[in-house]
Amino acid sequence: MRYGEADRILHLYTPARGRVSAIAKGVRRARSRFGGRLEPYFRLSIELHEGRSELLTVTGAQTIDAYPRLRSDAAALDAASRACDAVGRLFETSEPHPGVFNLLCRQLGLLDEQAGADGPAAAGRGGALAFRLKLLLAAGLAPQLGACANCGEVEHLVGFSGAAGGVVCGACEAGSFPLGEEAYGFMTQALGRPLTDLPAGGDGALGQVERAISATLEHHAHVRLMPAAPALG
Ligand SMILES: [Zn+2]
């Protein structure tokens, strides 16, 4: 965010201190000592001064990875923005979650690697949803998928209930919405595989997956995220 004449307020996600805000003084001057390093989606080694105010002050910054290709691909850039937004909303406190930091770096790295390709996979709706499922896992909110979240039945799982926190069986389906086999497969595979090994999923299945993630977050974290991908057309 621009601030005052030449300053900027940065929202940072850190491995040791979670989400923090810091002011970078003079960063918008042509000859700033930060020299264009404090830009969105940069991975940095940063020095922060902690004064009496809640806002930290940036005193030094070195680039670890600027993810330069990501910036030349509109789809990858949009996906990076949604990924950072999801992390910022779900992990908005100073509680450290180094696993979340690593996951975000991995996703930004993938978007950078795949940028310029025809429809980078990580930037698609499936890639964004696989990333969100792993965020749920890191937040301790992974949906229960192995058995009915209400009664424990392991067969005839037909729906998903945000309130119950996972899949539900035919007897417990009140208040749930249908979750087909393809969506179920996508969720179990995405949770069990690295981000690079993206499971396949058609539009209908991905729609159900996104609804399951949204319902889980609304019920258990009172958080609403941006849509996982831009609307088509
Ligand atoms: Zn049940």
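Per chain, residues are indexed from 1 in the order of the written sequence. Thresholds applied to this predicted model are a pLDDT of at least 70 for local features of residues and 80 or more for the giving and counting of side-chain atom pairs; totals over whole chains, interfaces and linings are not thresholded and use all residues. Heavy atoms throughout the structure, all of them, feed into the side-chain values; hydrogens and water do not.

S.K.: Quick question: what am I supposed to make of the environment of Gly185 here?
M.R.: Inspection of the secondary structure assignment puts Gly185 in helix 4 (residues 181–192). Owing to a relative accessible area of 16%, Gly185 belongs among the buried residues under this scheme. Sequence separation between Gly185 and Val209 is 24 residues, and the spatial gap between their C-alpha atoms is 9.9 Å. Helix and strand definitions here come from DSSP, where helices need a minimum of 4 consecutive H or I residues and strands a minimum of 2 consecutive E residues; each element is numbered from the N-terminal end. When accessible area is computed with a 1.4 Å probe and restricted to protein chains, residues below 20% of their type maximum are described as buried, those above 50% as exposed, and intermediate ones as partly exposed.

S.K.: Looking at this model, I keep getting lost on the environment of Ala115. Mind explaining?
M.R.: Relative to the elements of secondary structure, Ala115 occurs in the loop between helix 2 (98–114) and helix 3 (125–138). Spatially, the C-alpha atom of Ala115 lies 8.7 Å from that of Ala74, the residues being 41 residues apart in sequence. Apart from the residues lying within four places of it in its own chain, the contact partners of Ala115 are Arg69, Leu70, Asp73, Ala76 and Pro120. In this analysis, two residues are considered to be in contact whenever any of their non-hydrogen atoms come within 4.5 Å of each other.

S.K.: Which parts of the structure should I look at to understand the pairing of strand 3 (residues 18–24)?
M.R.: Each regular strand shows side chains that alternate between the opposite faces of the sheet. Counting buried residues in strand 3 gives five out of seven residues, a clear majority hidden from the surface. Two elements, strand 2 (residues 7–14) and strand 3, share seven bridges in a ladder whose sense is antiparallel. Bridged to Thr14 within strand 3 is Gly18. Here the rule is simple: two strands pair whenever DSSP picks up at least two bridges between them. Where strand 2 folds back onto strand 3 in an antiparallel hairpin, the turn is made up of three residues.

S.K.: Hey, could you run me through the coordination of the zinc ion in this one?
M.R.: Angles at a metal have ideal values that depend on geometry: 109.5 degrees with four tetrahedral donors, 90 or 180 degrees with six octahedral donors. Bound to the zinc ion are the protein donor atoms Cys148 (SG), Cys151 (SG), Cys169 (SG) and Cys172 (SG), situated 2.3 Å from the metal. Around the zinc ion sit four donor atoms; with metal-centred angles ranging over 106 to 115°, the donor geometry is tetrahedral. Coordinating N, O and S atoms are those within 2.8 Å of the metal (3.2 Å for Na, K and Ca), and as water is not part of the atoms, a site may appear to have fewer donors than expected. Spacing between the donor residues of the zinc ion along their common chain follows C-x2-C-x17-C-x2-C. Here Cys172 lies in the loop between strand 7 (166–169) and strand 8 (177–178) and Cys151 lies in the loop between helix 3 and strand 6 (157–161), a separation of 21 residues in the sequence. Residue Cys172 is classed as buried on the basis of its relative accessible area, which comes to 15%. Here a site with four donors is tetrahedral if all angles are between 85 and 135 degrees, and a site with four or six donors is square planar or octahedral if opposite donors are over 155 degrees apart and the other angles are between 65 and 115; anything else gets the irregular label.

S.K.: Help me understand the side chain of Thr14 in this model?
M.R.: Here Thr14 shows up in strand 2. A distance of 2.8 Å separates a polar side-chain atom of Thr14 from the backbone oxygen of Gly18. Dropping the residues within four chain positions of it, Thr14 is found in contact with Val20 and Phe101. Any pair of N or O atoms that falls within 3.5 Å is considered a polar contact. Within protein, one atom must be able to donate a hydrogen and the other to accept it, and sequence-neighbouring residues count only if both atoms are side-chain atoms.

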